[in-house]
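Now for the letters of each chain:
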Amino acid sequence: MYKRTRHLCFLLLLMMATSSIVAAEAKTLSLALGEPLSQSEIRSYSITIFPDGTNLPKGQGSVQQGASLYEAQCMMCHGESGIEGPAARLAGSDGWFSLSDPLRVLRIKKYPILLISVGGLWPYATSIYDYIRRAMPHYAPKSLSNDEVYALTAYILYLNEIIDDDVVLNDQRILELSMPAKARSISAWVDQ
Amino acid sequence: MVNKKLKSVAKGGLLDRRSFILSGMAFSAAYSLNALANDGSTPSRIGKDLPNWMKVPGQADVAYGQPAQYEQHIKRYLAKGAPETSLFSVWHTPLENQRGIITPSGLHFSVHHNGMPDIDPQKHQLMIHGLVDKPLKFDLETIMRYPMVSSINFLECAGNTAPNAVSLTPINHTCQELSGQVSGSEWTGVPLKYLLQEAGIKPKAKWVIVEGADGGSHARSIPVSKLLDDAIIALYQNGERIRPSQGYPMRLFVPGWEGNANVKWVHRLEVTDKPAYTKDESGLYSDILDNGKIQRFSFHMEVKSVITHPSGKQVLPEKMGFYEVSGLAWSGRGKIKQVEVSADAGKTWALAKLDSPVLDKSLTRFSIPWRWEGKETVLLSRATDEHGFVQPTRDQWRDQYASHSFNHYNAIQAWHISHEGEVGNTYV
């Protein structure tokens, strides 16, 4: 820390010296080199969706539509019922695989990361929407429409028995859902 | 060659650190006597007994140097435990083949959740928006004009040494396979506070959602206080521009915090009053506690150490021989204060020597001379940082977490030494 401060002081001295030679009238050398970022640029890039619904797009999708999309684009990595892997487990409580799972030992050994599931650990459904929209499917991220993302989010919630199979999820309904992990969540971060 | 002056500092053969110097003097005296005795007549041609490489011209050098051909097998290891897609990969650094505290950039560990993007540096931009007075963008050329700072820091994945956290029985792994998700580098870049202050952070701001320009748009919610403290937009690693594997052309570097929060290929900072609960802070990078609670935002990597020499799957070549036990210690909260080593499974301990430099949130090299008594034993190292945090035992660590929780494992590593000198992972 000491070294870093000294390094900075040296730079500031150097800058002051330079400014007094090059531009004798300037008292400080401005380091404001950033260009203005326009509202349209912000709109194109700002994709983060917050648990309170900030930035959530309008749209809708049903569990049934989600089931078809899942079969075509997701099942090959996440498995038939969202628990088989090899990619992250989407359904079920978090923890070791159920004793009734015949492939339990094999799964634990081969895919230890599959111990945790989206349904078991994620506290907000908005995060499922956010992640599918920005990153899924893994081989073609950002290829799904907003409505398709609602449909797939609905299907994952259905696999976790959080909604029924006749539900149409939209930008209102998603905020009314309660994920089981929310009540279990605590934060290790206390702002100093 | 047992020297009567050797001073024991703990049981199991741990020796005072001056022991090596004493025996070294004895060796060098013997060597010079031999050299004199063999000094025969002058040869008619000096090349006769010399190795061939002393008798031919050397090869031309190359534009970008590589390790010796005999060291080409020293490589990163691709973990088998990750889902088997090329996009999600976990590469471990070979700790047992390194000395000092700097990891060569090409051997630095890396974890990719969505592969490595091929970013055109001329088109890459860093954007700052949200709760700021002036939303700003910076291209690479602009950022390079700001004053930079350099700092030697460790970087560790939250999931490092996960097998020991969750496996009921110790898996016979090398040090690289078990704990190779930690590395040390000199990171150089622009303090993020310069850029955030230029944009003007509003008083309501508490968090920044930091996002990468990779296919999966990796994102983490980082407290603004850390970003205004010692975070940098890292542009150089070990003196050269950071590599694609580490986030070329730029990454966030937050010293002492879990690897996943050090967003690679960083391109967007959204200043907010709340965290976003992104994919990784919702699932993979949370800790499940013993009481069932799910702990989020445990950013610090706690005090930890590992003996790298000797370590898993190695074999000690000589009974009653001298060895330098050597390893690495680090803490995400500050400097390492001390490292204790035990050669009798934790019954007695001795202080190891800390090699200079001992830096804040950096790998710190420790060592202690050891004479293996030729018996079965267990080697341990236990680090303490400047704030008094001490590495827990495996049982103490396990007591805090659910049986399947594997992040932030920092328990004391135990290496079993068999009668035959085989070194293996064990629990004590």
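Criteria and thresholds
- Residues numbered from 1 in each chain as written.
- Chains lettered and ligands numbered in written order.
- Predicted model: local features only at pLDDT ≥ 70, side-chain atom pairs only at ≥ 80, totals over all residues.
- Heavy atoms only, no water.
- Pairing = 2+ DSSP bridges.
- Helix = DSSP H or I, 4+ residues; strand = E, 2+ residues; numbered from the N terminus.
- Axes fitted to C-alpha atoms, helices over the stretch in contact; angles between N-to-C directions.
- Parallel < 35°, antiparallel > 145°, perpendicular 65-115°, else oblique.
- Contact = heavy atoms within 4.5 Å.
- Nonpolar A, V, L, I, M, F, W, Y, C, P; charged D, E, K, R; others polar.
- pLDDT = per-residue confidence, 0-100.
- Salt bridge = Lys/Arg side-chain N within 4 Å of Asp/Glu carboxyl O.
- Buried < 20%, exposed > 50% of the residue type's maximum accessible area, 1.4 Å probe, protein only.
- Buried area = accessible area lost by both parts, 1.4 Å probe.

**Quick notes on the pairing of strand S7 (residues 136–139) of chain B**
- As paired elements, strand S1 (residues 35–36) of chain A and S7(B) share 2 bridges and run antiparallel to each other. For Pro36(A), the partnering residue across the bridge sits in S7(B) and is Leu136(B).
- The sheet contact formed by strand S6 (residues 125–130) of chain B and S7(B) spans 4 bridges and is antiparallel. When the sheet's bridge partners are listed, Met127(B) is paired in S7(B) with Lys137(B).
- Hairpin connection between S6(B) and S7(B): a loop of 5 residues separates the two successive antiparallel strands.

**Here's the deal with the sheet that holds strand S16 (residues 287–288) of chain B**
- The strand order across the open sheet formed by 3 strands is S4(A)-S17(B)-S16(B), and the pairing between neighbours is mixed. With partners counted over all chains shown, the strands left at the sheet margins are strand S4 (185–187) of chain A together with S16 of chain B, one partner each.
- With 2 bridges connecting them, S16(B) and strand S17 (residues 294–296) of chain B associate as antiparallel partners. Considered in S17(B), the bridge of Asp287(B) is made with Gln295(B).

**Some words on the packing of helix H3 (residues 63–73) of chain A against helix H8 (residues 146–159) of chain A**
All names here are of chain A.
- Axis separation between H3 and H8 bottoms out at 7 Å; the angle between their running directions is 95°. As far as their axial angle goes, H8 and H3 are roughly perpendicular. Taken together, the residues of H8 that come into contact with H3 (itself represented by Val-63, Gln-65, Gly-66, Ala-67, Leu-69 and Tyr-70) are Glu-148, Ala-151, Leu-152, Ala-154, Tyr-155 and Tyr-158.
- Taken together, the residues that form the contact of H3 with H8 break down as 9 nonpolar, 2 polar and 1 charged.

**Regarding the confidence of the model for chain A**
- Per-residue confidence for chain A averages 85 on the pLDDT scale, and 83% of its residues sit at or above 70.
- Segment residues 1–24 of chain A is flagged for pLDDT under 50; beyond a separation of four residues in sequence, or across chains, it makes 15 contacts in the model.

**Some remarks on the pattern of salt bridges**
Residue and element names in this part refer to chain B.
- If you walk through the whole model with that rule in mind, you get 26 salt bridges over all chains.
- A salt bridge links Asp-230 to Lys-361; the shortest N-O distance between them is 3.8 Å. One end of the pair, Asp-230, is in the loop between helix H6 (224–229) and strand S12 (232–237); the other, Lys-361, is in the loop between strand S22 (353–354) and strand S23 (364–371), and 131 residues separate them in sequence. Taken as a pair, Asp-230 and Lys-361 share a single burial class, namely buried.

**What to know about the environment of Trp397(B)**
Residue and element names in this part refer to chain B.
- Structurally, Trp-397 can be placed in helix H8 (residues 394–400).
- With 12 residues separating them in the primary sequence, Trp-397 and Tyr-409 have C-alpha atoms 7.4 Å apart.
- When residues no more than four places from it in sequence are discounted, the contact partners of Trp-397 are Ala-165, Pro-392, Ser-405, Phe-406, Asn-407, His-408, Tyr-409, Asn-410 and Ala-411.

**Quick word on the interface of chain B and chain A**
- The partner chain A presents 55 residues to the 68 residues of chain B that form the contact.
- Together, the buried faces of chain B and chain A total about 5300 Å²; carbon and sulfur atoms form 64% of this surface.
- Its largest share of buried area at the contact with chain A, chain B owes to Lys137(B), Ile294(B) and His404(B), together 11% of the area lost on that side.
- Taken together, the connections running from chain B to chain A amount to 3 salt bridges.
- We note a salt bridge from Glu41(A) to Lys137(B), for which the minimum N-O separation is 2.8 Å.

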